[in-house]
Amino acid sequence: SFIGEESVAAGAGSILTDNPTWIIDPVDGTTNFVHRFPFVAVSIGFVVNKKIEFGIVYSCVEDKMYTARKGKGAFCNGQKLQVSGQEDITKSLLVTELGSNRDPETIKIVLSNMERLLSIPIHG
């Protein structure tokens, strides 16, 4: 099976089943692309029994290929990635994208979550 983000965003229905399924977003960062903000990627995932098996993200501007496979780790251009080990949230940098849903209830939830995060003394 195939699920394409652009067709779903355009209103086409999609149901994730237990079948092996490719999930593809050929222009991940559509809003960035439309506004000529240069951070756009091609994202591909493969799911079996509703569980992700592997994913690939190609960051076009950076010319970086991110890959990850269940139980095998994550890589950037073949180099293994790992988390920083930082456990103190006050030393973190918050980066977010608010999404495109402008439903008033969704906006209320998103802003409430942001307010809680921003009340923590984080770097930015």
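If you're wondering where the values come from, they're calculated on a predicted model, not measured in any experiment. (Residues numbered from 1 in each chain as written. Predicted model: local features only at pLDDT ≥ 70, side-chain atom pairs only at ≥ 80, totals over all residues. Heavy atoms only, no water.)

1. Some words on the overall build of the protein chain
If you tally the helices and strands in the protein chain, you get three helices and seven strands. When the helices and strands of the protein chain are placed in sequence order, the string is β-α-β-α-β-β-β-β-β-α. Here the protein chain has a C-alpha radius of gyration of 17 Å; the compact-globule value for 124 residues is 14 Å, and the former is much larger. Expressed as lengths along the three principal axes of its C-alpha atoms, the size of the protein chain is roughly 45 × 40 × 35 Å. Burial statistics for the protein chain: of 124 residues in total, 10% are counted as buried. A sequence separation of at least 24 residues applies to 22% of the contacts in the protein chain between residues at least 6 apart. (Helix = DSSP H or I, 4+ residues; strand = E, 2+ residues; numbered from the N terminus. Rg over C-alpha atoms; globule rule 2.2 N^0.38 Å. Buried < 20%, exposed > 50% of the residue type's maximum accessible area, 1.4 Å probe, protein only. Contact = heavy atoms within 4.5 Å.)

2. Describing the domain arrangement of the protein chain
Domain boundaries in the protein chain define domain 1 (2-80) and domain 2 (89-119). Taken over C-alpha atoms, the centre of domain 1 sits 23 Å from the centre of domain 2. (Domains from an automatic or database assignment.)

3. Comments concerning the pattern of salt bridges
Per the counting criterion, the structure on display carries two salt bridges. Between Lys70 and Glu53 there is a salt bridge whose closest N-O contact spans 4.0 Å. Taken as a pair, Lys70 in the loop between strand S5 (64-69) and strand S6 (73-76) and Glu53 in strand S4 (residues 51-59) lie far apart in primary sequence, 17 residues in all. Given a relative accessible area of 28%, Glu53 falls into the partly exposed group. For Lys91, the salt bridge identified is with Asp88, shortest N-O distance 3.3 Å. Among the residues examined, Asp88 registers a relative accessible area of 30% and is labelled partly exposed. (Salt bridge = Lys/Arg side-chain N within 4 Å of Asp/Glu carboxyl O.)

4. Comments concerning the packing of aromatic side chains
Scanning the entire structure with this criterion turns up four aromatic pairs. Between the aromatic rings of Trp22 and Phe46, the centroid separation amounts to 4.7 Å while the plane-to-plane angle is 55°, which identifies the pairing as tilted. Taken as a pair, Trp22 in strand S2 (residues 21-28) and Phe46 in strand S3 (residues 41-48) lie far apart in primary sequence, 24 residues in all. Given a relative accessible area of 16%, Phe46 falls into the buried group. (Phe/Tyr/Trp six-rings, centres within 6.5 Å; stacked < 30°, edge-to-face > 60°.)

5. Re the environment of Lys50
Structurally, Lys50 is set in the loop between S3 and S4. Distance from Lys50 to Lys72, taken between C-alpha atoms, is 19 Å for residues 22 residues apart in sequence.

6. Here we look at the sheet that holds S2
Spatially, S1-S2-S3-S4-S5-S6-S7 is the arrangement adopted by the seven strands of the open sheet, whose pairing is mixed. In this open sheet, the two strands that pair with only one neighbour each are strand S1 (2-4) and strand S7 (79-80). Looking at chain direction, S6 and S7 are connected through two bridges and run antiparallel. Residue pairing for S7: Phe75 is matched across the bridge by Lys80. (Pairing = 2+ DSSP bridges.)

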